[in-house]
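So the chains spell out like this:
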Amino acid sequence: MSRSTSIEINLSAIDANLRSLKKSAGSQKLIAVVKANAYGHGAARVATHIEDTVDAFAVAFTEEAVELRESGIAAPVLVLEGPHTPSELSLSSKLDLWPVLHQAEQLEWCTKLDNPLKHAWIKVDTGMHRLGFPPSQLADVKQCLGEAQIQNMTIMSHLASAESPESDITQGQIRQWNSHCADLCDTASLHNSAATRHGITGRSHWVRVGYALYGGRIGNDPLDSELLPAMQLSSRVLAVRHVKRGEAVGYGARWVAEKDSKIATIPVGYGDGYPWAAADGTPVVVSGQVVPLAGRVSMDMITVDVTDIDTVEPGAPVVLWGDAPRVDEVAAHSGTIGYELMTRLTGRVPKHYVSS
Ligand SMILES: Cc1ncc(COP(=O)(O)O)c(C=O)c1O
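Everything numeric here is computed off the predicted structure, so don't read it as measured data. (Residues numbered from 1 in each chain as written. Predicted model: local features only at pLDDT ≥ 70, side-chain atom pairs only at ≥ 80, totals over all residues. Heavy atoms only, no water.)

Novice: Provide a residue-level description of the nonpolar core, including the pertinent values.
Specialist: Across soluble globular proteins, nonpolar side chains have a tendency to be buried as a group. One finds Phe-57, Ile-122, Tyr-274, Val-284, Val-286, Ile-302 and Val-304 to be the most contacted residues of the largest nonpolar core, which totals 108 residues. Top element by residues in this core is helix 1 (residues 11-25). It accounts for six residues. The residues touching Tyr-274, leaving out its near neighbours within four places in the chain, are Val-268, Gly-269, Thr-282, Val-284, Leu-293, Val-297, Ile-302, Leu-320, Trp-321 and Val-330. Val-249, Trp-255, Ile-263 and Ala-294 belong to the second largest nonpolar core, which has six residues in total. (Core = buried A, V, L, I, M, F, W, Y, C linked by side-chain atoms within 4.5 Å. Buried < 20%, exposed > 50% of the residue type's maximum accessible area, 1.4 Å probe, protein only. Helix = DSSP H or I, 4+ residues; strand = E, 2+ residues; numbered from the N terminus. Contact = heavy atoms within 4.5 Å.)

Novice: For a nonpolar patch on the surface, give the residues involved together with the corresponding values.
Specialist: Among the surface-exposed residues, Tyr-270, Trp-276 and Met-299 lie close enough to one another that they form a single nonpolar patch of about 330 Å² accessible area. With respect to the element layout, Trp-276 can be found in the loop between strand 14 (261-266) and strand 15 (283-286). (Patch = residues over 30% accessible without salt bridge, like charges linked within 9 Å, V, L, I, M, F, W, Y side chains within 5 Å. Areas by Shrake-Rupley, 256 points an atom, 1.4 Å probe, with all protein chains shown as cover. Salt bridge = Lys/Arg side-chain N within 4 Å of Asp/Glu carboxyl O.)

Novice: Mind laying out the site of the ligand, listing which residues take part and the relevant values?
Specialist: Around the ligand, the structure places 14 residues, and the nearest of them are Lys-35, Tyr-39, Ser-193, Tyr-211 and Tyr-339. Between the ligand and Gly-210 there is a distance of 2.9 Å, counted from an oxygen atom to a backbone nitrogen or oxygen. Considered on its own, the ligand offers 390 Å² of accessible surface; in the complex 91% of this is hidden by protein. Spatially, the ligand is embedded in the largest pocket. (Near = heavy atom within 4 Å. Polar contact = N/O pair within 3.5 Å; in protein donor to acceptor, adjacent residues only side chain to side chain. 1 Å grid on protein atoms, 1.4 Å probe; cavity = no way out; pocket = protein on both sides within 12 Å on 5 of 7 lines; lining within 4 Å. Sits in = over half its atoms within 2 Å of the grid points.)

Novice: I'd love a proper account of the packing of aromatic side chains, names of residues and values included.
Specialist: For the structure shown, the criterion picks out seven aromatic pairs. On the numbers, 5.8 Å between centres and 25° between planes, the contact of Trp-98 with Trp-121 is stacked. One end of the pair, Trp-98, is in strand 5 (residues 98-101); the other, Trp-121, is in strand 6 (residues 119-123), and 23 residues separate them in sequence. No difference in accessibility class separates Trp-98 from Trp-121, as the two residues are buried. These aromatic residues form a ring-pair network of at least three members: Tyr-39, Tyr-211, Tyr-214 and Tyr-339. (Phe/Tyr/Trp six-rings, centres within 6.5 Å; stacked < 30°, edge-to-face > 60°.)

Novice: Can you break down the domain arrangement of the protein chain residue by residue, with the values?
Specialist: Under the domain assignment used here, the protein chain contains domain 1 (11-214) and domain 2 (231-354). Each partner contributes to the interface: domain 1 provides 11 residues, whereas domain 2 provides 10 residues. Between domain 1 and domain 2 lies a buried interface of about 1000 Å² when both sides are counted; carbon and sulfur atoms form 60% of it. It is Tyr-39, His-41 and Tyr-211 in domain 1 that bury the most area against domain 2; as a group they hold 56% of the surface buried on that side. Run the count over domain 1 and domain 2 and you get zero salt bridges. For the side of domain 1 that touches domain 2, the elements supplying multiple residues, two or more each, are helix 1 and helix 2 (35-39). (Domains from an automatic or database assignment. Buried area = accessible area lost by both parts, 1.4 Å probe.)

Novice: Break down the layout of surface pockets for me, with residues and values.
Specialist: Counted as a void, the largest pocket has a volume near 860 Å³. At the level of secondary structure, the elements contributing two or more residues to the lining of the largest pocket comprise helix 2, helix 9 (193-197), strand 9 (206-209), helix 10 (327-332) and helix 11 (338-343). Of the residues forming the lining of the largest pocket, the biggest block, four residues, is contributed by helix 11. The residue makeup of the lining of the largest pocket, split by class, is 19 nonpolar, eight polar and nine charged. Shared between two domains, the lining of the largest pocket holds at least three residues of each, these being domain 1 (11-214) and domain 2 (231-354). (Points joined across faces, edges and corners; volume = space filled by probe spheres on them. Nonpolar A, V, L, I, M, F, W, Y, C, P; charged D, E, K, R; others polar.)

Written out as structure tokens, the structure reads:
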């Protein structure tokens, strides 16, 4: 028996997005960001599929890197939060991971390692103020890592508003990067998806791309049509009912019929990761037609107004997000971002992989 609500991951879409991102990255090498279970797409499966076409992977923390190694991934794995403890740093050395070092205590752990790291990444805080050494400390950091016998070092930073290349914050970060940071090591890395698409300037040899790899939309992307959504969340209509003008649908009676209406109930809810905050009017595609969400999202079900579709019966196909509507549209109606919707689908939704 298979549940009618399911996630389909199209690996060919990821391949196409990679080709497009490589074009934008120019001569830079490409790190595929597969943290948070590859943004909900399945880290081991996605990484195995693209290992031969990317230069490295990035995850958030050491356990995620271990999962990749246990799945047979031999490519370099960058650990963006770096080690949380000395034993995680030892594991980085043992598994040949690339830890990001961003604070003093991690440097001290490096000096005590039995086997020096082969490659460390130094994170500098150019203005996002989340992680990283201040630019003024970089020379000392590099010297300390040299004393810890680390031969290869890459300097990196992260942009807070890369989707707005002309904003004061982005321009300020780039100024910091270019004048005080980018030349510290032989190699440097600055660009996430948005910076890669917008061709933000600044010395960089490695792009670190996540959202665009999965077909998420980057604001004002000049090559927007080349990015294909790799994830489709779909279902089938469970029940259809008629409500009279003035009757309410769902919890809290939020949606009230303005005329006699037809309502389809679909077995997907916030218990699956469909956003509880989705507003009335959030687009849902039923039998190929866009119709509005009508009523509050329940744990296991949503209700949509299908009055404008002549024939809707139980079993009719439903797309919650995919090619249409895009996850970004659903997110915009829900006060969130597509990144959150992709990453918070729950384990009770079965996932299937296709290559088309
Ligand atoms: C340090 C760092 N680099 C790169 C990325 C990838 O960003 P995006 O998914 O926007 O490409 C992230 C994502 O959160 C990040 O934290």
